[in-house]
Amino acid sequence: MSYDTVIELRNLVRHYTMGDETVKALDGVDLDIGRGEYVSIVGPSGSGKTTLFNLIGGLDKPTQGNVFIDGVDISQLDAYELAWLRCRKIGYIFQSFNLIQVLTALENVALPTVFAGTPHEEGLKKAEKLLSSVGLGKRIHHRPGELSAGQQQRVAIARALANDPAIILADEPTGNLDLQTGQEIIDLLHGLNKAQGLTLVAATHDLKMIKASDRNVWMRDGKVERIERG
Amino acid sequence: MVYFTISDAVRLGIDYIKRRFQRTAINVASIGLANSFLTSLIMTDLFYATFNEYQGSSIGVDAYQYWLVAVALIVSVVGITNAMLISVYERYREIGTMKCIGALDQHILMLFLVEAIIQGAAGGIIGYFLGVVAAVLSSGFTTGFNIIFMVPITELLGYLVGTTILSILLSIIASMYPAWRASKLPPVEALSYEL
């Protein structure tokens with residue numbers, strides 16, 4: 001299958017300075033990810049998965065090299081444009097869900113629509129629809145603390161979809177879940193990828209996720225070790 | 001463009017206050033007590049002045065008591081700064097998350113300042129009424145408890161507005177540094193923070 005490229009990484013380098021030492025978290029990564037593709041970034045901890053995730057998501061700046069999203073070099077963007085990108089183009093899913101504890105599931109999902117300037121009522125309607133599409137239609141007024149881990153991750157997925165992003169970035173989305181729940185989350189993500197043509201990039205070391213993906217990028221010591229088709 | 005209006009900030013700010021009521025209550029109490037101290041002094045002064053007008057006497061409030069009020073106000077500002085800083089630490093991850101879904105620095109700043117304003121207003125109003133009650137009780141034995149009805153209502157209202165505005169200003173000043181810190185947090189750092 002061929003895709004047009006939505007994410008391009010060119011000679012991506014990210015160094016951290018810790019005291020006198022320089023840690024090469026990423027050491028020259030080149031990678032193209034196509035539209036609608038499901039790519040797993042795999043590797044032991046410390047291999048640079050999360051750093052890569054942060055750079056693709058515009059949460060961190062590379063020491064060297066470029067990240068292109070839809071042909072735009074995101075290191076050239078100012079704070080406004082970067083916020084726009086995070087808000088509209090990319091949906092984030094985290095290992096620890098990162099829901100806002102004081103808000104209900106519905107308000108959590110509606111929050112990105114607030115930043116996108118969607119009228120309040122419309123945003124809530126959208127959030128309600130998304131929550132029922134992830135199977136939480138009856139729990140929209142629960143707070144994160146009243147939901148199970150799997151349900152919280154579903155809320156997080158619904159939130160990631162709130163502004164119809166082109167790309168979903170997931171950092172170990174099944175890392176805090178039991179096997180059964182993890183599988184359900186993978187099925188949900190995989191379904192979104194196939195049904196809606198969402199580009200899905202997931203950092204993981206969950207074998208079930210690796211099996212589901214189109215391509216697996218194996219990382220080691222900040223470099224791409226090998227790429228294999230799923 | 002990313003949109004986030006004052007009314008969104010107010011809505012979210014009220015949510016935060018409702019659901020983290022304890023911390024807010026401490027801040028409100030801190031401002032409220034300081035303002036009640038200030039109000040009781042102003043009111044006692046006012047009652048004495050009114051009393052003097054009718055009776056031709058010359059009783060008053062000692063000037064050094066105003067210094068004590070100034071100290072109380074400063075202490076409350078420091079206390080609020082401390083409480084707000086803790087509140088920023090507690091919300092590190094939330095701030096990171098909000099930045100991930102499109103919040104700009106100024107939106108985070110706005111959220112914290114909205115909370116500060118609401119706290120200041122609540123503390124100011126509560127403190128004012130406590131202060132008036134305290135002043136009536138403390139000066140009533142000298143001037144008679146009906147003294148409060150001899151003071152023009154416009155003057156009472158004027159002090160209500162004045163001290164409430166002062167309380168809001170103090171709350172904003174106290175929250176400026178914590179809010180600024182929160183808004184400048186880099187998202188990656190905020191997200192990886194474990195409390």
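Reading the values: rules and limits
- Residues numbered from 1 in each chain as written.
- Chains lettered and ligands numbered in written order.
- Predicted model: local features only at pLDDT ≥ 70, side-chain atom pairs only at ≥ 80, totals over all residues.
- Helix = DSSP H or I, 4+ residues; strand = E, 2+ residues; numbered from the N terminus.
- Rg over C-alpha atoms; globule rule 2.2 N^0.38 Å.
- Contact = placed C-beta atoms within 7 Å.
- Buried ≥ 20, exposed ≤ 12 C-beta atoms within 10 Å, placed from the backbone.
- Pairing = 2+ DSSP bridges.
- Axes fitted to C-alpha atoms, helices over the stretch in contact; angles between N-to-C directions.
- Core = buried A, V, L, I, M, F, W, Y, C linked by C-beta atoms within 7 Å.
- Right-handed = clockwise from strand over helix to strand, strands pointing away.

Q: Explanation requested: the overall build of chain A in the structure shown.
A: Within chain A, the regular secondary structure consists of 7 helices and 10 strands. Radius of gyration (C-alpha) of chain A: 17 Å, near the 17 Å computed for a compact globule of 230 residues. With respect to the three principal axes, the spread of C-alpha positions in chain A is 50 × 45 × 40 Å.

Q: When you look at the interface of chain A and chain B in this model, what are you seeing that I'm missing?
A: When the parts of a complex come together, some accessible area is lost, and that lost area is often taken as the interface size. Taken together, the contacts link 20 residues of chain A with 21 residues of chain B. Mapped onto the side of chain A that touches chain B, the elements with two or more residues apiece are helix H2 (79-89) and helix H3 (105-115) of chain A. By residue number, the principal contributor to the side of chain A that touches chain B is H2 of chain A, which donates 6 residues.

Q: Please explain H3 of chain A as it appears in this structure.
A: Side chains of residues three or four places apart in an α-helix project in the same direction, reflecting 3.6 residues per turn. With 11 of its 11 residues buried, H3 of chain A lies for the most part within the structure. Residues of H3 of chain A that are buried: Ala105, Leu106, Glu107, Asn108, Val109, Ala110, Leu111, Pro112, Thr113, Val114 and Phe115 of chain A. Elements in contact with the buried residues of H3 of chain A: H2, helix H4 (120-133) and helix H5 (149-160) of chain A together with helix H1 (6-19) of chain B. Of the residues flanking the end of H3 of chain A, it is glycine 117 of chain A, one or two places downstream, whose phi is positive at about 85°.

Q: Is there a simple way to think about the sheet that holds strand S9 (residues 215-220) of chain A in this case?
A: Sheet strands pair by backbone hydrogen bonding; their relative direction is either parallel or antiparallel. Residues and elements named next belong to chain A. If you walk across this open sheet you meet the 6 strands as S6-S7-S8-S3-S9-S10, and the pairing is mixed. Because the sheet does not close on itself, it has two edges, and the strands there are strand S6 (90-93) and strand S10 (223-229). On average, each strand axis in the sheet is inclined to that of its neighbour by 20°, with strand direction left out of account. Two elements, strand S7 (residues 167-171) and strand S8 (residues 199-204), share 5 bridges in a ladder whose sense is parallel.

Q: Just checking my understanding: could you explain the sheet that holds strand S5 (residues 72-73) of chain A for this structure?
A: Residues and elements named next belong to chain A. One open sheet holds the 4 strands; their spatial order is S2-S1-S4-S5, and the pairing between them is antiparallel. Each end of this open sheet is capped by a strand with a single partner; those strands are strand S2 (21-34) and S5. Looking at chain direction, strand S1 (residues 5-18) and strand S4 (residues 64-69) are connected through 5 bridges and run antiparallel. Bridged to glutamate 8 within S4 is phenylalanine 68.

Q: I tried to follow the nonpolar core on my own but got confused; where do I start?
A: Across soluble globular proteins, nonpolar side chains show a tendency to be buried alongside one another. In this structure, Ile41, Val109, Leu131, Leu169 and Val201 of chain A are the most contacted members of the largest nonpolar core, which totals 119 residues. When residues no more than four places from it in sequence are discounted, the contact partners of valine 201 of chain A are Ile33, Val39, Ile41, Ile56, Ile167 and Leu169 of chain A.

Q: Could you clarify how one ought to interpret the environment of histidine 142 of chain A in this entry?
A: Residues and elements named next belong to chain A. Note on placement: histidine 142 falls in the loop between H4 and H5. Spatially, the C-alpha atom of histidine 142 lies 8.1 Å from that of leucine 106, the residues being 36 residues apart in sequence. Setting aside anything within four residues of it in sequence, one finds histidine 142 in contact with Thr104, Ala105 and Leu147.

Q: I would appreciate a short explanation of the pairing of S7 of chain A in the present structure.
A: The two faces of a sheet get side chains in turn, since along a regular strand they alternate between them. All names here are of chain A. When you tally the buried positions in S7, you get 5 out of 5 residues, the bulk of the element. Burial along S7 is two-sided: the face carrying Ile167, Leu169 and Asp171 and the face carrying Ile168 and Ala170 are both buried. As judged from the 4 bridges shared by S6 and S7, these two strands associate in the parallel manner. Looking at the pairing, isoleucine 90 lines up with isoleucine 167 of S7. Handedness of the crossover is the feature at issue here: the chain leaves S7, passes through helix H6 (residues 179-196), returns alongside S8, and the resulting connection is right-handed.

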